[in-house]
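# Coordinates in review
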Amino acid sequence: MNDATLPSPPAELRWDELPCAASLIGPQAQLLQANAAWQSLHPAFALGVTWLQAFAAAEREQLSQALGREQDFELLLPGHGCAPDLACRARWLSARQAFACLWHDVSVQRRQEQAAQAQAQALALQASQMRLLADNVPALLAFYDAQTFRCHFANRQYAQAFGLDERSILGRSFSEVIGADARLLVQPQVDRLLRERVTVSYERYLPGSDPARGEDGRWVEVSLIPHLVDGIPSQACFVMINDITRHRVAEIAARESEARLQKFMQASVEGILFHRQGQISDANPPLCRLLGYSLDEMVGRAALDFVVEDLREQAARVMAERRELSYESALLHRDGSRISVELIVRTLESQGEQLRMTIVRDIRDRLAAQARIQHLAHHDALTGLLNRAAFMEQLGPALQLAESRERRLALLFIDLDNFKRVNDSLGHLEGDKVLTTVAERITDCLRSTDLVARFGGDEFVILLRDIASREDVMVVLMALLAVVEVPVLADGCRLCVTPSIGVAMFPEHGGRPEELIQHADMAMYQAKAGGRANYQFFDAELARHAYSDLVLESELAQGLERGEFELFFQPQVAALGGEQGGALIGAEALLRWRHPTRGLLGPDAFIDVAERHRLMVKLGEWVLRAAALQARDWRERGVAAVPIAVNLSRMQFRLDGFGAAVARVLDEVGIAGECLELELTERMLMDEIASAPATLSALRALGLGVSVDDFGTGYTSLAHLTQLPLDKLKIDQSFVAKLPEDGGAAAITRAIIQMARGLGLHVSAEGVRTLAQRRLLADWGCDELQGELIGPPMSAADFEQWLQQRSSAFP
Ligand code: C2E
Ligand code: CA
Ligand code: CA
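Residues numbered from 1 in each chain as written. Chains lettered and ligands numbered in written order. Predicted model: local features only at pLDDT ≥ 70, side-chain atom pairs only at ≥ 80, totals over all residues. Heavy atoms only, no water.

## Some points on the pairing of strand β6 (residues 140–145)
Most of β6 sits out of view: 5 of its 6 residues are buried. The pairing of β6 with strand β7 (residues 151–154) spans 3 bridges and is antiparallel. Across the sheet, residue Phe143 finds its bridge partner in β7, namely Phe153. Connecting β6 to the next strand, β7, in antiparallel fashion are 5 residues, including Phe149 with a positive phi near 55°. (Buried < 20%, exposed > 50% of the residue type's maximum accessible area, 1.4 Å probe, protein only. Helix = DSSP H or I, 4+ residues; strand = E, 2+ residues; numbered from the N terminus. Pairing = 2+ DSSP bridges.)

This is the structure we're talking about:
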């Protein structure tokens, strides 16, 4: 159809019949004509006022301008208040010099448009917010069409995870995005989503792109979520991917550590127990064995059930405080016995929960060893009695207690008589037997509250507690003397090992432990001096001597170390010769001590103490060596080639292997036996009558001369003398001193000289002080003289000088 065929409108068409508002308006806005619809279009148009007034100023201006241009125009005129929005289309009818205007109320349409626009804006905002959100959640998100499997949306993380960005990914298919292989892998999940229309989740490992550069693979959890519209699945689905690598790694680590722990538990030789809030969850075989239960019997039970009752509270406290520590405790064996253990408690984190692990170490052996060590440290191994240290440890507190309660105590110091002979002749094994017997018997005499210790050797010490008087002590002393008497067969004779007991009372004999011991010890010596199998209470007066002894003893030992001893030499000459005697035939070595404070001391001042305290052996050895050295020196320097006589002590002579010791000295110094002579007293020979002949023979075999010193004072039976291998008798100076006045002394002296000659022995006189004495002795046939008349004991240097003077005086 074209315009040409359009039928022309009926001439009579009236404005009012048009289906829209119409008006004819002049260029100056003069309303020339309008239909009824126009009038009802706007409430203001119906009024008689100028129609233009119906519009607000801006629209009015627009309209006026458009009209003034006398050209077709279209205008949208927004209404204000209750006025409608109007659209005006105007056609310039130049023939009429007016505009034909058609008007439409577009209020509804505009509102719809505005609403649509607002909605669009809101949607855009929403979309950008969505994007912001999506790009910032810690998950990978995408939205796929369920039919085409093309991507409609993806957040940045998702796109980047597959090497794309959030724009380039759009429209790509699922296979294109994740790769064909992966697609194959996840196809079953996708199928399930499509089939069941439910959320499908699965985990997937994405291998790292470059493991060498530390880009490890990731573990992801993928959720495929059907898109529901009003609860009904649409043809789309969300893909949400979460990186669960961290959880997975932790999980694997936990599993591995669990496995390690299990291995460790099984391999450990120590017991291991796990408990959760005090309830046993696991235990290893060693612990089960230790306690005598199977694992099944233990699991589920309270851990505290296995702790001994008296230590349960402690264990509960450790558990409650959740501390990590080691402590000693004891567990209960199935049979009810107690097992000492060390518990090492630790808290472990296992799969998010706290487990308590207890390592159980059996310390019974250790404790037993400790107890043994403790016992050994405090007891004498042989007798099982306390040792000195342990006794002293207890003595102090015992004294304090007695003092605070005003009680008396008695300390008994026991030394065994004859024990040394038993030991020497029967050997240590026999000696040990005697000691254990004595220890048992002593213990039997005492109350359990008394203390008894072996101080070493054959010394025992006893502490009697709660003593009212000396009579109480006497009872014990009598019992000890009666009971502690061990008969032994030694050296073919019956010997009795008996106690010599010294007693010191607390508090009267001393307040301190050491003092009390010392005083009891001194009293013991006094008891011994008074005869064997005896007792003696401490006596201060007697002790004073003993004390100076004690001081001397320690000084002697020091003196020996510091070289304070020296030898003096007294000449021995032939009796026949000049007034001063004949030729030098020997020198007697006499010991001197250059005491640092007391000056030069003779042997009488210290020999006894040295003998008592066994220092004499060392001292005697020193003398022997010094004499040997001097003899060598004089020989080498041509001073005198005479033997030097050395005095022996009892102790030295009694010593096993004395002969060998002398031989060693000779050898070391490098002189012949002839250079020395040994002087022994009668008493020494008689005391060792059994061994003397052999010892003397051995010495003489070495070439040494043997003299009997101080002859005449002892009671040597002649019969014995004749049997002994001797060289010389030295008449004791006490007889010589009384010459010539004392007839008795003279008779004895003459008899000794005769007897000696008869036995083929040399005879010498000591202590010759006067010419008369010398003459008599020479006349009676005495061979040698020694004494002040000839020369006093002198230092080696003085001796040499003396010898020089003498030889120049009597060439
Ligand atoms: P001893 O063996 O009888 O020695 C002789 C003692 O008489 C010496 O006394 C000597 O100095 C002294 N004496 C010598 N001539 C006279 C004199 O004319 N008049 C007086 N009044 N005395 C004279 P010393 O040196 O004091 O020795 C005393 C004792 O000490 C010795 O008596 C001896 O038994 C012992 N002794 C000396 N040195 C040693 C030694 O090295 N070892 C041992 N075990 N005992 C020794
Ligand atoms: Ca002598
Ligand atoms: Ca003498």
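## Considering the coordination of the calcium ion (ligand 2)
Only Glu588 (OE), Asn647 (OD1), Glu679 (OE) and Asp709 (OD) from the protein reach the calcium ion (ligand 2) as donors, at distances of 2.0 to 2.3 Å. Motif for the calcium ion (ligand 2), donor spacing along one chain: E-x58-N-x31-E-x29-D. Taken as a pair, the calcium ion (ligand 2) and the calcium ion (ligand 3) lie 4.0 Å from each other and share Asp709 as a ligand. Note that Glu588 is positioned in strand β23 (residues 584–595) and Asp709 in strand β27 (residues 705–711), a separation of 121 residues in sequence. Note on accessibility: Glu588 and Asp709 belong to one class, buried. (Donors = N, O, S within 2.8 Å, 3.2 Å for Na, K, Ca; no water.)

## Thoughts on the layout of surface pockets
The calculated volume of the second largest pocket comes to roughly 970 Å³. Counting residues per element, the ones that place at least two in the lining of the second largest pocket are β23, α18 (607–612), α19 (616–636), α20 (650–654), β26 (676–681) and β27. For the lining of the second largest pocket, the element with the highest residue contribution is β23, accounting for 5 residues. Residue composition of the lining of the second largest pocket, by class: 12 nonpolar, 10 polar and 13 charged. (1 Å grid on protein atoms, 1.4 Å probe; cavity = no way out; pocket = protein on both sides within 12 Å on 5 of 7 lines; lining within 4 Å. Points joined across faces, edges and corners; volume = space filled by probe spheres on them. Nonpolar A, V, L, I, M, F, W, Y, C, P; charged D, E, K, R; others polar.)

## Let's talk about the pattern of salt bridges
Pairing of side chains with opposite charge becomes possible as their charged atoms draw close. Tallied over the entire structure, the rule returns 42 salt bridges. In this structure, the salt-bridge partner of Arg91 is Asp72, at a minimum N-O distance of 3.5 Å. Here the residue Arg91 occupies a position in strand β4 (residues 86–93), and Asp72 occupies one in the loop between α2 (57–68) and β3 (73–77), the gap between them amounting to 19 residues. A residue is classified by how much of its surface remains accessible, and Asp72, at 48% relative accessible area, is partly exposed. Measuring nitrogen to oxygen at the nearest pair gives 2.5 Å for the salt bridge that ties Lys528 to Asp415. Separated by 113 residues along the polypeptide, Lys528 in helix α16 (residues 513–529) and Asp415 in strand β16 (residues 408–417) bring together distant segments of the chain. Its relative accessible area of 10% is what places Asp415 among the buried residues. What emerges from the salt-bridge pattern is a single network uniting Glu270, Glu328, Glu342, Arg361 and Arg366. (Salt bridge = Lys/Arg side-chain N within 4 Å of Asp/Glu carboxyl O.)

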